[in-house]
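Fold and contact review
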Amino acid sequence: MGRGAYALVRVAVLVRAPAGWLWWPGLLAAGIGVLVPGLTGRRIGVLAGAALFLIAAFTVFAVRRGRYTALAGGASRAGKAVILQDRSVTIRVWRRAHRWWLLLAFVAAVGSSFALPAAGGLLMAGAALGLWAKALWLGRWEQEHDALLWVRTEPVRRGGAAGKDVRGYHTTGTAAGDAAPGGARRRRAPAVPAARGTGREPGPATAASGAGAKRR
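Keep in mind the model is a prediction, meaning the values are calculated, not measured.

Looking now at the packing of helix α2 (residues 19–34) against helix α5 (residues 87–112). One way to put it is that α2 packs onto α5 with a least axis distance of 10 Å and a crossing angle of 15°. It follows from the interaxial angle that α2 and α5 lie roughly parallel. Taken as a pair, α2 and α5 cross one another with a handedness that is right-handed. Contact residues: W21, L22, P25, L28, A29 and I32 in α2; I91, W94, R95, L102, F106, A109 and V110 in α5. In terms of residue class, the contact of α2 with α5 is built from twelve nonpolar, no polar and one charged.

Take helix α4 (residues 65–73) next. Among all positions in α4, only Y68, L71 and A72 are buried. Within α4, the buried residues cover an arc of 100° as seen down the axis, which keeps them to one side. Exposed residues on α4 whose side chains face more than 90 degrees from its buried face are G66, A70 and G73. In this structure, the buried side of α4 is in contact with α1 (11–16), α6 (119–145) and β4 (148–152).

Of the two faces of strand β1 (residues 7–10), the one carrying A7 and V9 and the one carrying L8 and R10 are both buried. For β1 and β4, the ladder comprises three bridges, and the chain directions are antiparallel. Residue pairing for β4: R10 is matched across the bridge by W150.

A full pass over the atoms with the stated rule returns two aromatic pairs. Among the aromatic residues, ring-to-ring pairing joins W23, F53 and W132 into one connected group. Over the face of the ring belonging to W150 we find R10, whose NZ or CZ atom lies 5.7 Å from the ring centre. Above the face of the W137 ring, R65 is positioned so that its terminal group lies 4.4 Å from the ring centre.

Once that is clear, we can look at the pairing of β4. Side-chain positions along a regular strand alternate between the two faces of the sheet. Of all five residues in β4, four are buried, a share of seventy percent or more. With three bridges joining them, β4 and strand β5 (residues 170–172) adopt antiparallel strand pairing. Its bridge partner being in β5, W150 is matched across the sheet by H170.

Our next topic: the environment of R167. Summarising the element assignment, R167 is placed in the loop between α7 (153–159) and β5. On the accessibility criterion, R167 (75% relative accessible area) is exposed. Taking the C-alpha atoms as reference, R167 lies 9.6 Å from A75; in sequence the two are 92 residues apart.

This paragraph deals with the layout of surface pockets. What the largest pocket holds in volume is close to 690 Å³. Looking at the largest pocket, it is lined by 23 residues, and the ones nearest its centre are L14, P18, W94, H98 and G160. Put simply, the parts of the chain that give the lining of the largest pocket at least two residues each are α1, α5, α6 and α7. With five residues, the top contributor of residues to the lining of the largest pocket is α5.

Each value, and the rule that gives it
Throughout this description, residue numbers start from 1 for each chain and increase along the sequence as written. Under the rules for a predicted model, residues below a pLDDT of 70 receive no local features and side-chain atom pairs below 80 are neither given nor counted, while totals for whole chains, interfaces and linings still include all residues. Heavy atoms from the whole structure form the basis of all side-chain values; hydrogens and water molecules are not counted. Only the stretch in contact is used when a helix axis is fitted, and all axes are lines through C-alpha atoms; the angle between N-to-C directions ranges over 0 to 180 degrees. Every helix listed is a DSSP run of H or I at least four residues long, and every strand listed is a run of E at least two residues long, numbered separately from the N terminus. These descriptions rest on fixed angle ranges, namely under 35 degrees for roughly parallel, over 145 for roughly antiparallel, 65 to 115 for roughly perpendicular, and the rest for oblique. For a crossing to be left-handed, the near helix must be turned anticlockwise from the far one by less than a right angle; the clockwise case is right-handed. Whether two residues touch is decided by their heavy atoms; if any such pair falls within 4.5 Å, the residues are in contact. In this classification, the charged set is Asp, Glu, Lys and Arg, the nonpolar set is Ala, Val, Leu, Ile, Met, Phe, Trp, Tyr, Cys and Pro, and all remaining amino acids, among them Gly, are polar. Categorising residues by exposure relies on relative accessible area from a 1.4 Å probe, with only protein chains included: less than 20% of the type maximum marks a residue as buried, more than 50% marks it as exposed, and the intermediate range marks it as partly exposed. This arc is built from the directions going out from the helix axis to the C-beta atoms. Strand pairing requires that DSSP identify at least two bridges connecting the strands. Ring pairs shown here join Phe, Tyr and Trp side chains whose ring centres sit within 6.5 Å, with only the six-membered ring taken for Trp; geometry is labelled stacked below 30 degrees between planes, edge-to-face above 60, and tilted in between. Note on criteria: charge over ring means Lys NZ or Arg CZ within 6 Å of the ring centre, with the direction from the centre no more than 35 degrees off the ring normal. Both site types are read off a 1 Å grid over the protein atoms alone. A 1.4 Å probe that fits but cannot get out defines a cavity, while an open set with protein on both sides within 12 Å along at least five of seven lines defines a pocket; lining residues have an atom within 4 Å of a point. Grid points are joined across faces, edges and corners, and a volume is the space filled by probe spheres set on the points.

Below you can see the structure in the form of C-alpha cells.
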C-alpha cells in the first residue's frame, strides 16, 4: 500500500454479510426443531418462534439507524489514493472472523428446540431479515444521493460499520467497486447489440455507457 493510501470497505456489504449465514442455518435449525416435541410442544414453540422472528427482524433493522444516518450525512469524498475492497473479500474476511460464533449460534438454536421447538432457528432467520432490510435501506440512501458509502477497514475490525471507533464515512461514485447500491452483487450490463440493418458496431459513447466504466 502506497504512502498515504488506505483501504475502504463498503458499509452496505458489511451490513448484509452476516445475513445469508444466519438465514439458511436458521431455517435449517427451525426445520430440525419442528421434529422435536420439546417441553412446550410444537405449536407453542412455533408460535413463540414466529414472535421472536418478527421482534428480531424489527430490532436488527432499527438498531443504530440514527448512527448510520449521522455518519452518512457527514461523509466526505474518498481520495484518489484509496484502495476499494472487493465484495467477495469483505464477505470472506467476515466469515473467517465469525465462523465459530455462527457454529455456536446454530448449535444453540438446535439445542433450544428441546425447550421451544423451532424458536431459536426462527430467531436467527429474523435477525438475517433485519440485516437485509437495513442493507436495502442503505441502498436507497445511496441511490437518492447518487453515491456509495465506504468506511476505513481499521475501525471496522473493532466495532463494525457503525461502531464507536468509526469517525466518518467516505463516498465514491456509484460505479466504483463491484457491489451495487445496498451491497448486492453488481449485475453486469448487457452487451449493446449492433444497429439492426446497418451491420455496424455501436459507437464509443454507446459502448462506454453499456460497459459502465468504473469511477470513484
